[in-house]
Amino acid sequence: MNANSQITIDANRLSLDQALQIRAPEVSQVEVLDLIKHFNEGVADLLLTDYDQRELRVTKDKIRRVLRCERNLVESQASKDKPTPAMVAGTLLDACFTLHASGGVLEDPTKDALLFLSTLGDGLDIDPDVEDLVRPKVEEGYAKLVAFWDADTIRDKFSLRLQDRIALSFCNTRLQLIGRPDVVLSGLDPNHEDVVIIDVKSGTPKIFDVEDARLYALMETLRSHRPPSLIGNYYLAIDRLELIVPSLQLLGDETSRTLGAIAKMVEIANTKSATATRSVELCQYCPINLTCAEVTEDDRLGWASTVVSIGFEDPIESVIGMQVGLDD
Ligand code: SF4
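One structure accompanies this document, and this report is about it. The shown structure was predicted, so the numbers you read here are calculated from the model rather than taken from an experiment. (Residues numbered from 1 in each chain as written. Predicted model: local features only at pLDDT ≥ 70, side-chain atom pairs only at ≥ 80, totals over all residues.)

On to the overall build of the protein, then. Along its length, the protein carries 12 helices and eight strands. Each of the 328 residues in the protein was classed as buried or not, and the buried ones make up 34%. Of the contacts made within the protein by residues no fewer than 6 positions apart, 73% connect residues no fewer than 24 positions apart. (Helix = DSSP H or I, 4+ residues; strand = E, 2+ residues; numbered from the N terminus. Buried ≥ 20, exposed ≤ 12 C-beta atoms within 10 Å, placed from the backbone. Contact = placed C-beta atoms within 7 Å.)

What follows concerns the sheet that holds strand β6 (residues 195-201). With mixed pairing, the five strands of this open sheet are ordered in space as β2-β5-β6-β7-β8. Looking at which strands have only one partner, the edges of the open sheet turn out to be β2 (158-162) and β8 (240-244). Adjacent strand axes in the sheet meet at a mean angle of 25° when their direction is disregarded. Bridge count between β6 and strand β7 (residues 230-235): six bridges; the pairing is parallel. Across the sheet, residue I198 finds its bridge partner in β7, namely G232. (Pairing = 2+ DSSP bridges. Axes fitted to C-alpha atoms, helices over the stretch in contact; angles between N-to-C directions.)

Attention now moves to the sheet that holds strand β1 (residues 56-58). As summarised here, the arrangement of the three strands in space is β1-β4-β3, forming an open sheet in which the pairing is mixed. Pairing within the sheet leaves two strands with one partner each, and these edge strands are β1 and β3 (166-170). Strand-to-strand twist of the sheet, defined as the mean angle between neighbouring strand axes without regard to direction, takes the value 20°. For β1 and strand β4 (residues 175-179), the ladder comprises three bridges, and the chain directions are parallel. Bridge pairing links V58 to L177 in β4. Helix-sheet contacts for helix α9 (residues 207-224) involve β3 and β4, and the interaxial angle to β3 is about 65°.

The end-to-end C-alpha separation of α9 is 26 Å, in line with the 26 Å expected for 18 residues at 1.5 Å each. For α9, the buried fraction is high: 13 of the 18 residues fall into the buried class. At the exit of α9 stands H225, carrying a positive phi of roughly 60°. (Expected span 1.5 Å × (residues − 1).)

What follows concerns the pairing of β4. Here β4 shows a buried face lined by L175, L177 and G179 and an unburied face lined by Q176 and I178. Note that β3 and β4 share five bridges and pair antiparallel. Looking at β4, one finds that L168 is bridged to L177. The antiparallel pairing of β3 with β4 creates a hairpin that spans four residues between the two strands, and C171 there sits at a positive phi of about 50°.

For the rest of this paragraph, the subject is the site of the ligand. Neighbouring residues of the ligand: 15 residues in total, closest C69, C283, C286, C292 and E294. Of the residues contributing to the shell around the ligand, the split by class is eight nonpolar, four polar and three charged. (Near = placed C-beta within 6 Å. Nonpolar A, V, L, I, M, F, W, Y, C, P; charged D, E, K, R; others polar.)

With 58 residues, the main nonpolar core has L92, L93, C96, V138 and I231 as its most contacted residues. Apart from residues lying up to four places away in sequence, V138 is in contact with A89, L92, L93, C96, P109, T110 and A113. Counting five residues, the second-largest nonpolar core is a separate cluster that includes C69, L282, C283 and V295. (Core = buried A, V, L, I, M, F, W, Y, C linked by C-beta atoms within 7 Å.)

Our focus in this paragraph is the packing of helix α6 (residues 109-119) against helix α7 (residues 128-148). Look at α6 against α7: their axes get within 8 Å of each other, and the N-to-C directions meet at 100°. The angle between the axes of α6 and α7 places the two elements in the roughly perpendicular class. Between α6, through P109, T110 and A113, and α7, the contact on the second element is made entirely by E131, V134, R135, V138, E139 and Y142. Of the residues that constitute the contact of α6 with α7, the class distribution is five nonpolar, one polar and three charged. (Parallel < 35°, antiparallel > 145°, perpendicular 65-115°, else oblique.)

What follows covers the environment of L250. With respect to the element layout, L250 can be found in helix α10 (residues 248-271). For L250, a count of 21 C-beta atoms within 10 Å gives the class buried. Residues L250 and A217, spaced 33 residues apart in sequence, show a C-alpha to C-alpha distance of 8.9 Å.

This part takes up helix α3 (residues 60-68). Here α3 has its buried residues at K60, I63, R64, R65 and V66. The elements touched by buried residues of α3 are β1, α4 (70-78), β4, α9 and α10.

As structure tokens, then:
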């Protein structure tokens, strides 16, 4: 397998067990330590030279926004808009996944997920009509989740961390890099340290998902000094698991992307100004899209969106067949 290759896995053709047998190309400890040093030095340079405020919190959402449109980041943080039904359904399905993967059986996935979130202190303040609106979507997603994720078998074979909060501090906590992937899987053998990071998505594939997965790969590398063996997303709507093997080049590219985003956040904080840049991914949902001079009518309506190639390079059959000897 090419050291920089990505693979895509169709959940209908391959069990999660089989997918998890795939081994990432080795990245040496020296290469990993170099990458971590580069990231630490990059953050220190930005904070020491340019940033005069106490703390900067960096998340995947802020990174994706600031790299596309600085103004969108600023406006979205100021906005108190209620979440859209699609966002509510996504949050509830995340909660359903955590409950199901922990061995729970959900009688009413929507109500059970809402209750679970409120016990965590993350309750959703939604109207009854929104709850009714999202219920069929949540039930459909939950049924697919149960079919795909064999909770008992997976818990017998793997060690699971669900909603695994990763919080990394740099420069005496002046910068916090924060993420929470849905599941981090590892083998039960304590000598086998490889982990697999998967997010569960209620929608269809988006370019953001690949970016988020890459960020998690970098964060896991910074946290444990070892890259995950696989990263990816499971799409409930199309019953598809897409996985990427994080190569050294991918981790290097993600280091540059994340440092670039932090540099923009520092610049916004210092200059108190943020440039508006049209973005087919962001304009449709931007809180100021009725007044922004950059946006077009097609952007507002979501008609400007182009189909983004997610770009998985290698045919699944060759990669998986070669690695785990599966019959087609
Ligand atoms: S409407 Fe589009 S261009 Fe204008 S601030 Fe929002 S995301 Fe940026």
